[in-house]
Amino acid sequence: MNRILFVVTAASTWTLKDGTEHPTGYWAEELAEPHRIFSEAGWETVIATPGGVAPTLDELSLGVAGGLPRRRRDMRSYLEGIQGSLDHPLALADVNEADFDLVFYPGGHGPMEDLAFDADSGALLERRLGAGRPLALLCHAPAAVLAARRADGTNAFAGRHMTGLSNVEERLNTFGWKAAWYLQDALEDAGILYEKGKLPLRPFVVTDGNLYTGQNPQSARALADRVLEDL
């Protein structure tokens, strides 16, 4: 049986440039949709977070920003169905990513707060990329690659083609204008070859060898489908 490791943020707040903390966590669609797709394909799923902390659902992702009411109800129902796994994740530091056929990072603003600076996650990403084994990151989750630094201080993902939430999409959030930094800018500053779709909030997936990235929540299904097709 194929196995997939979901690396999920443990952050429940996002610190804005004025120092205030905005409630956050993981984005419902970005975890629920890929988890469902891989589970229905017969894959074994494992969830890990920094410190083994139970992840927080960003309730905004099940509000109007989460789509039509029926879809939001379906996502909440699915997440409730896997609540046992969410309540008892593995500690990321104790996980051997080599045991998994795929490592998948769902987003939400949470990764901007913790995974972007998490040494255990950064080391995992550097090993995974170097091993040439499948790795996928969605929306804000590519922030995690900022912690993947080589011994010489350069980013392990420099020169690779990636996407993630664009500056334009971030500013569509009323609180996004208060962000201390923007994901697109940070990726480009790290030497990553950032790409984005022609229109905001539309599915867009970038592949670069073993590395798969999706731009926004709307890319959740497309990213999971593409990885599943390839594997």
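Residues numbered from 1 in each chain as written. Predicted model: local features only at pLDDT ≥ 70, side-chain atom pairs only at ≥ 80, totals over all residues. Heavy atoms only, no water.

If you look the chain up in an unreviewed UniProt entry, it shows as Type 1 glutamine amidotransferase domain-containing protein from Rothia koreensis.

Engineer: Help me out: how do you make sense of the environment of Ser 219 in this one?
Structural biologist: As for its position among the elements, Ser 219 is in the loop between β11 (211–214) and α8 (220–230). Exposure remark for Ser 219: the relative accessible area of 0% places this residue in the buried category. With 80 residues separating them along the chain, Ser 219 and Cys 139 place their C-alpha atoms 8.0 Å apart. At 2.9 Å, the side chain of Ser 219 forms a polar contact with the backbone nitrogen of Phe 204. (Helix = DSSP H or I, 4+ residues; strand = E, 2+ residues; numbered from the N terminus. Buried < 20%, exposed > 50% of the residue type's maximum accessible area, 1.4 Å probe, protein only. Polar contact = N/O pair within 3.5 Å; in protein donor to acceptor, adjacent residues only side chain to side chain.)

Engineer: Can you help me understand the UniProt feature "domain: DJ-1/PfpI" (unreviewed entry) in the chain in this one?
Structural biologist: Here the UniProt-annotated "domain: DJ-1/PfpI" (unreviewed entry) positions come out as residues 29–229. Between the first and last C-alpha atoms of residues 29–229 the distance is 20 Å; the span itself is 34% helix and 14% strand. (UniProt positions renumbered as here; feature names shortened; annotations may be inferred.)

Engineer: I would appreciate a short explanation of the side chain of Asp 114 in the present structure.
Structural biologist: Inspection of the secondary structure assignment puts Asp 114 in the loop between α4 (110–113) and α5 (119–131). Here Asp 114 occupies a buried position and makes no salt bridge, while the nearest side chain of opposite charge, Arg 149, is found at 16 Å. A polar contact of 2.8 Å, which involves the side chain of Asp 114, links it to the backbone nitrogen of Ala 10. The contacts of Asp 114, once residues within four sequence positions are left out, are Thr 9, Ala 10, Ala 11 and Pro 50. (Lys, Arg positive; Asp, Glu negative; His and termini not counted. Salt bridge = Lys/Arg side-chain N within 4 Å of Asp/Glu carboxyl O. Contact = heavy atoms within 4.5 Å.)

Engineer: Help me understand α5, please; the structure alone is not making it clear to me.
Structural biologist: Since one α-helical turn is 3.6 residues long, residues separated by three or four positions face the same way. Between its terminal C-alpha atoms α5 stretches 18 Å, which fits the 18 Å expected from 13 residues at 1.5 Å a residue. Looking only at α5, the buried set comprises Ser 121, Gly 122, Leu 124, Leu 125, Arg 128 and Leu 129. Mapping the buried residues of α5 onto a view down its axis gives an arc of 160°, with all of them on the same face. What points out from α5, more than 90 degrees from its buried face, is the exposed set Ala 119, Gly 130 and Ala 131. Packed against the buried residues of α5 are β1 (3–7), β6 (102–105), β7 (135–138) and β11. Put simply, Asp 118 is the residue that caps the front of α5, since its side-chain oxygen is 3.1 Å from the backbone nitrogen of Asp 120. Gly 132 occupies a position one or two residues after α5 and carries a positive phi of about 70°. (Expected span 1.5 Å × (residues − 1). Arc of directions from axis to C-beta.)

Engineer: Can you help me understand the nonpolar core in this one?
Structural biologist: Most often, soluble globular proteins have nonpolar side chains that are buried together. Membership of the largest hydrophobic core comes to 65 residues, with the highest contact counts inside it found for Leu 5, Leu 79, Phe 104, Tyr 105, Leu 125, Leu 137 and Phe 157. A total of five residues in this core trace back to one element, the largest contributor, which is helix α1 (residues 28–40). (Core = buried A, V, L, I, M, F, W, Y, C linked by side-chain atoms within 4.5 Å.)

Engineer: Would you take a moment to explain the pattern of salt bridges for this structure?
Structural biologist: When the charged atoms of two side chains with opposite charge come close together, those side chains can pair. In total, this model carries ten salt bridges according to the counting rule given. Between Glu 59 and Arg 76 there is a salt bridge, with its nearest N and O atoms 2.9 Å apart. Highlighted residues: Glu 59 in the loop between β4 (44–49) and α2 (69–81) and Arg 76 in helix α2, separated in sequence by 17 residues. Overall, Glu 59 belongs to the partly exposed group, its relative accessible area being 46%. Here the salt bridges do not stand alone but share partners, grouping Glu 29, Glu 33, Arg 36, Glu 40, Arg 71 and Arg 221 into one network.

Engineer: Could you clarify how one ought to interpret the pairing of β11 in this entry?
Structural biologist: On a regular strand, each side chain points to the face opposite its neighbour's, so the side chains alternate between the two faces of the sheet. Residues Leu 211 and Thr 213 of β11 are buried on one face, and the alternating residues Tyr 212 and Gly 214, pointing to the opposite face, are buried as well. Strand direction decides the pairing type here: β7 and β11, joined by four bridges, are parallel. Within β11, the position partnered with Ala 136 by the bridge is Tyr 212. The pairing of strand β10 (residues 205–208) with β11 spans four bridges and is antiparallel. Across the sheet, Val 205 pairs through a bridge with Gly 214, a residue of β11. Hairpin connection of β10 to β11: two residues between the antiparallel strands, including Gly 209 at a positive phi of 65°. (Pairing = 2+ DSSP bridges.)

Engineer: Teacher, can you tell me more about the sheet that holds strand β5 (residues 90–91) here?
Structural biologist: Strand order across the open sheet formed by seven strands is β5-β4-β1-β6-β7-β11-β10, with mixed pairing between neighbours. Here the strands that pair on one side only, and so sit at the sheet edges, are β5 and β10.

Engineer: Is there a simple way to explain the packing of aromatic side chains in this structure?
Structural biologist: Here a ring pair, both rings aromatic, is described through the centre-centre distance and the interplanar angle of the planes. Following the criterion strictly, the structure yields five aromatic pairs and no others. Centroid distance Phe 6 to Phe 104: 5.4 Å. Interplanar angle 45°. Geometry classified as tilted. Of this pair, Phe 6 sits in strand β1 while Phe 104 sits in strand β6, placing them 98 residues apart in sequence. The exposure class of Phe 6 is buried, given its relative accessible area of 0%. (Phe/Tyr/Trp six-rings, centres within 6.5 Å; stacked < 30°, edge-to-face > 60°.)

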